[in-house]
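Residue-level structural notes
Each chain, written out:
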Amino acid sequence: SATADSAGSASQQASTTTGATTGTSAPAPAAAEPERPAESQTQTAQKSRWPPPAASLGATSQRSLPSGSASSIKALNLEPLFSNAPAPGRIKPIPRKELLPLDVPQPAADAAPAQTEAPAPAPQPKPTPAPTPATTPAPVPTPTPATQGTPNTTKKNFKLKNAALTRTKTTETEGQNKENKENKENKEENSEKPVAELPLVSNIPEEIPSARQVNQVKLMPADKVFDRELMLRIWRLQRSEVHASVSGLGTGERPAERVPERRQNPRSTPNTEIRRPTRRDPGNVLKQGENAYRVTEPTSRLEELGRRVRALLNKICPDNLKTIVETLASIELQKAEELEYVIKIIFGKALVEPHYCETYADMVFALRTRYPEFPAENEGEKPHSFTRVLLNTVQNEFESLPTTFEPTDDDKAKFPNPEDLQIEMKKRKGKMLANMKFIGNLFLRQLLAVKVIGQVVHDLVGIKEGNALPEEHMIECVCELLQAIGFTLDETTQGESLMNSFASRLKDISSIRVGGKAAFGKRIQFSIEYLLDLRKNKWQKKLFKEQAKTKAAVRDEFDREARQHGRGNAPDSMFSVQTVGVRPAYIDDIANQKKRTKTDTGPQKVKFDQAYVKKICQYFGEEKDGESLQTDWAKAQPSDKETKQGVEWLLETGFDDDKKADIVAVTLAELMKRRLVPWDTLKECFSASLSGLPELKMDAPHCDVMVHCLVARLLMLENFNQVVLKPIQTFVSHNENRDLGWSLLLGIIKKLKTEKANDIVKKALSISEFASCAATARNTTVSDAKKLLESA
């Protein structure tokens, strides 16, 4: 790099000297002659150690050279890297020609004697500043076409490594070219042979007007490895030109540089058309069968109801159980037939998916109070409730249990293929065992009594007339049922006695022999033995870890295993030990809460007084639990007179303290929603409080807030009764109360808007009693009163 910079500085100095000599219009020949030796020495120091141009270029190419010389950068056509347009004063660039091969050109035969001389070390010129101009100013010559060249500009130094892409330029007339040629031939005879191992790069000045020079640049490096930057520059300039030897070839990415293509999610771009691969062979396209599924619109309400229920059940898991229950509870059922249809779908899914049997049992326990009861079809029968219909469905499935599991003639005719018949029998057996497991989970959730379990076991493996032996599938059902509830049965005295009788009966069945052989196969004997050993082991069962559980349960299990690893006891990676037949914890919590309620209340009736009413109102304001409010209100068992007195106490609390007005209003609305207080009772109490509102407002200026909150909360109820608006209509009918009545109506609308109940505002304005009250209070028409209330 230092050598190239020094050579470039020396070339610039030589160019400046020769340019000054050429620019003089009439120099004396005698004065110019002594300058030639210095010029020759400078050119000799700058000359590249390559063969003369005549050796590589013919006479024809020398005559075709343009008058202006180009730098080594132009020789590579790198001008576009610096500027797209030529600088002012430069000669128009030579048009590109076909690229020469990248091999080093061989010298001609006539140049061989010049290269046989012994090489001598070339002097390394040092960078010198540009020479100062002569003291005598030279006259400015008139430019002629032959001598009008580009100005003397210096290009940046580049390291060039290919001699096949060089270009030669001259800037003198023919007479001067001949004279310079003779001088150069004399200098080349004294020059040394270039060293092949050390390729040198010579920076040739852009313009040498005084002498014609042919510059050659070698691009082939010593290690024959081309510089990447140079090759990229060449490729960028020549990308539009394709060499004949490489036409038809292509390039590819390196494996290390290949970036995986990120697939775009088609759901994120709804307007993007998804292109699917087309099949070239039409014979490979699958043909649609005769019984293929086709999306159709529901033809009846039951079909639409079934689709909605199945869509929800297909997404069920322990984590989203609460969401599924709320969505199912929001489905409106209009008759008992629809209730039976929904329960049938739920029960069918529980049998098909025994993996989620416990989850389905939790779901039906949560839904038992969410659906309404429908009256019985026949007189004397019990109403159709969710629990009763569910138990009837389970009982019907149990009673339809076949006496034998051997395929009948109808089954063989329906499934002629033995494999299909075996699959069908396996499905039936799986549904049978799932039904027994579901019955056990209903018992654990206290939806079935202990005596029902005793009756079921007796029907399956009990002693029958003639000492007939039970079928093998019935014994399997008993083992499945007792395994699901055994731990809970052993916790009570009655259950433990039943479990002892069940175990003794199973031992007898296992030991029965017929003709000296066991009456049942080894599989049944092992099932009985496994159940008895499980009971001896306190119902500790080794289970697969792939069980339906919540994320919290998975995290707890992971933490427990981590602690075991820390103690040095590595758990089994495939199995986990669990106590089976345990009643869910929330069932015990409900039972304990009922016990605490009985203990707190005691045998005596709760005294229904003002302190008790304020206490339950405060509890409801903190917890917002309607069930607890209903339970607390029912504990006192108030009479009609006591109920009216309780409502008056609540209204008095709200009118006296405006901060408690909203809590009292919410409590009264919940009592009306659960039909614990009649609407007529509330009307009478509210009318009495409203009549004394003007006098009360003098002592409590914010007592009207109670009216705003109460009426707004009552309007939000689905079972709102318009009878509660009659006291307001009576109040505004007096002229002295119209202004106060109008302010009450405006406050009610503002309260609804504060609660973001805009639909309730429309509902209130659509009520004729409410609109007429507004019109009377404002002394205007109903339409104008509505507009004023909407703009409030």
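Sequence order sets the numbering: in each chain, residues are counted from 1 along the sequence as written. Reporting of local features is limited, given that this is a predicted model, to residues whose pLDDT is at least 70; pairs of side-chain atoms are given and counted only at 80 or more, and all residues count toward the totals for whole chains, interfaces and linings. The side-chain figures draw on all heavy atoms in the structure; neither hydrogens nor water molecules are used.

1. Structural notes on the overall build of the protein
Test applied: Here a helix means four or more residues in a row that DSSP labels H or I, a strand means two or more in a row labelled E, and each is numbered from the N terminus. The classification of residues rests on relative accessible area computed with a 1.4 Å probe and restricted to protein chains. Under 20% of the type maximum is buried, over 50% is exposed, and intermediate values are partly exposed. Accessible surface is estimated by sampling points in the Shrake-Rupley manner with a 1.4 Å probe; for residues, cover comes only from the protein chains shown.
Check the secondary structure of the protein and you find 33 helices and 4 strands. Looking at the 792 residues of the protein, the share that counts as buried comes to 35%. Counting every atom, the protein has about 49,900 Å² of accessible surface; 52% of that belongs to carbon and sulfur.

2. Observations regarding the nonpolar core
This is how the line gets drawn: Buried Ala, Val, Leu, Ile, Met, Phe, Trp, Tyr and Cys residues form a nonpolar core when they are joined through side-chain atoms within 4.5 Å.
Leu 328, Met 363, Leu 367, Phe 438, Leu 460 and Leu 482 are the most contacted members of the largest nonpolar core, which has 80 residues in total. Counting 69 residues, the second largest nonpolar core, distinct from the first, contains Val 647, Ala 665, Leu 752 and Ala 774.

3. Considering a nonpolar patch on the surface
For clarity, the cut-off: Patch membership needs two things, relative accessible area over 30% and no salt bridge, and members are linked within 9 Å if like-charged or within 5 Å if nonpolar (Val, Leu, Ile, Met, Phe, Trp, Tyr). We define a salt bridge as a side-chain nitrogen of Lys or Arg found within 4 Å of a carboxyl oxygen belonging to Asp or Glu.
Together, Val 242, Val 246 and Leu 249 give the surface a local cluster of nonpolar side chains, amounting to about 310 Å² of exposed area. The topology assignment puts Val 242 in the loop between α8 (228-237) and α9 (301-313). When its relative accessible area of 60% is taken as the criterion, Val 242 is described as exposed.

4. Describing the pattern of salt bridges
Evaluated as defined, the whole model comprises 22 salt bridges. With a closest N to O distance of 2.8 Å, Arg 674 and Glu 670 form a salt bridge. You can call Glu 670 buried: its relative accessible area is 14%. One salt bridge connects Asp 704 with Lys 697, and the closest N-O pair in it is separated by 3.3 Å. Classification of Lys 697 by relative accessible area gives partly exposed; the value is 28%. Where salt bridges share partners, they join Lys 429, Glu 472, Glu 476 and Arg 523 into one cluster.

5. What about the side chain of Glu 338?
Spelled out, the test is: Any pair of residues with heavy atoms lying within 4.5 Å of one another is described as a contacting pair.
As for its position among the elements, Glu 338 is in helix α11 (residues 336-352). Judged by relative accessible area, Glu 338 falls into the buried class, the value being 1%. For Glu 338, the contacting residues outside a window of four places in its chain are Arg 301, Leu 302, Leu 305, Glu 332 and Leu 333.

6. Thoughts on the packing of α9 against α11
Two measures define how a pair of helices packs: the angle their axes make with one another and the distance between the axes. Threshold: Axis lines are fitted through C-alpha atoms, for helices just across the contact stretch, and the angle between N-to-C directions can take any value from 0 to 180 degrees. Crossings are sorted by hand: turned counterclockwise from the far helix by less than a right angle, the near helix makes the crossing left-handed, and turned clockwise it makes it right-handed. Polarity classes work like this: nonpolar for Ala, Val, Leu, Ile, Met, Phe, Trp, Tyr, Cys and Pro, charged for Asp, Glu, Lys and Arg, and polar for all others, with Gly in that last group.
Put simply, α9 and α11 touch, their axes get as near as 10 Å, and they point 35 degrees apart. Crossing of α9 against α11: the hand is right-handed. Contact with α9, carried on its side by Arg 301, Leu 302, Leu 305, Gly 306, Val 309, Arg 310 and Leu 313, involves Glu 337, Glu 338, Tyr 341, Val 342, Ile 345, Ile 346 and Lys 349 of α11 and no other residues of that element. Here the residues of the contact of α9 with α11 are counted per class, giving 8 nonpolar, 1 polar and 5 charged.

7. Looking at unusual backbone geometry
Positioned with a positive phi, Trp 539 is a non-glycine residue whose angle comes to about 60 degrees. For Trp 539, the position within the fold is in the loop between α19 (522-536) and β3 (540-544). Note on Trp 539: relative accessible area 2%, which makes it buried. The residue Asn 779 is not glycine, and still its phi comes out positive at about 60 degrees. Since its relative accessible area comes to 63%, Asn 779 is described here as exposed.

8. Looking at the packing of aromatic side chains
To keep things clear, this is the line we draw: Aromatic rings from Phe, Tyr and Trp, taking only the six-membered ring of Trp, are treated as a pair when their centres fall within 6.5 Å; an angle between ring planes under 30 degrees marks them as stacked, one over 60 as edge-to-face, and anything in between as tilted. Lysine NZ or arginine CZ positioned within 6 Å of the ring centre and within 35 degrees of the ring normal marks a charge as sitting over the ring.
Taken as a whole and judged by the stated rule, the model has 7 aromatic pairs. Their ring planes at 55 degrees and their centres at 5.6 Å tell us that Phe 365 and Tyr 586 sit as a pair that is tilted. Here Phe 365, found in helix α12 (residues 357-367), pairs with Tyr 586, found in helix α21 (residues 585-601); they are 221 residues apart in sequence, far enough to count as distant. A relative accessible area of 10% places Phe 365 in the buried class. The exposure class assigned to Tyr 586 is partly exposed, which follows from its relative accessible area of 31%. Grouping aromatic residues by their ring pairs yields a cluster made of Phe 608, Tyr 612, Trp 633 and Trp 649. Positioned over the ring face of Phe 365 is Arg 368, at 3.9 Å from the centre of the ring. Of note, Arg 583 hangs over the ring of Phe 443, and the distance from its end group to the ring centre comes to 5.7 Å.

9. Some remarks on the state of the cysteines
So the rule is basically this: When two cysteine sulfur atoms are found within 2.5 Å, that pair is recorded as a disulfide.
For the structure shown, the criterion picks out 0 disulfides. The cysteine Cys 479 is free of any disulfide, with Cys 477 supplying the nearest cysteine sulfur at 9.3 Å. The exposure class assigned to Cys 479 is buried, which follows from its relative accessible area of 8%.

10. Observations concerning the confidence of the model for the protein
Formally: The quantity called pLDDT is the predictor's confidence in a given residue, expressed from 0 to 100.
Here the protein shows a mean pLDDT of 74. Residues at 70 or above account for 64%. Contacts from residues 53-91, a stretch scored under 50 in pLDDT, to residues over four places away or in other chains number 87 contacts. In this model residues 102-173 is a low-confidence stretch, pLDDT under 50, and it forms 154 contacts with partners more than four residues away in sequence or in other chains.

11. Section: α12
Most of α12 sits inside the fold, with 9 of its 11 residues counted as buried. Among the residues of α12, those classed as buried are Cys 357, Thr 359, Tyr 360, Ala 361, Asp 362, Met 363, Val 364, Phe 365 and Leu 367.

12. Here's the deal with the environment of Lys 751
Checked against the element boundaries, Lys 751 lands in helix α30 (residues 738-754). Through-space distance from the C-alpha of Lys 751 to that of Val 705 is 9.4 Å; in sequence the pair is 46 residues apart. Once you skip the residues sitting within four places of it in the chain, Lys 751 turns out to touch Asp 662, His 708, Cys 709, Ala 712 and Arg 713.

13. Here's the deal with the packing of helix α23 (residues 626-636) against helix α25 (residues 661-673)
For clarity, the cut-off: Roughly parallel here means an angle under 35 degrees, roughly antiparallel means over 145, roughly perpendicular means 65 to 115, and every remaining angle is called oblique.
Orientation of α23 relative to α25, taken along the N-to-C sense of each, is 75 degrees, at an axis distance of 10 Å. Taken together, α23 and α25 sit at an angle that is classed as roughly perpendicular. For the pair α23 and α25, contact is made by Gly 626, Leu 629 and Trp 633 and by Thr 667, Glu 670 and Leu 671, respectively. Grouping the constituent residues of the contact of α23 with α25 by class yields 3 nonpolar, 2 polar and 1 charged.

14. Some words on helix α17 (residues 472-489)
Stated precisely, the cut-off is as follows: Helices are assigned an expected span. That span is 1.5 Å times one less than the residue count. We define the bend at each residue as the angle formed by axes fitted to the 7 residues ending at it and the 7 residues starting at it.
Between the first and last C-alpha of α17 there are 24 Å, a value that for 18 residues agrees with the 26 Å anticipated at 1.5 Å per step. Within α17, the axis deviates most sharply at Gln 483, by approximately 45 degrees. Buried residues dominate α17, accounting for 15 of its 18 residues.

15. Things to note about the environment of Ile 453
Looking at where Ile 453 falls in the secondary structure, it is placed in helix α16 (residues 450-461). Residue classification places Ile 453 among the buried positions, given a relative accessible area of 1%. On a C-alpha basis, the gap between Ile 453 and Gly 440 in space is 8.2 Å, while along the polypeptide they are 13 residues apart. Not counting residues within four places of it along the chain, the set of residues in contact with Ile 453 comprises Ile 439, Phe 443, Leu 481 and Ile 485.

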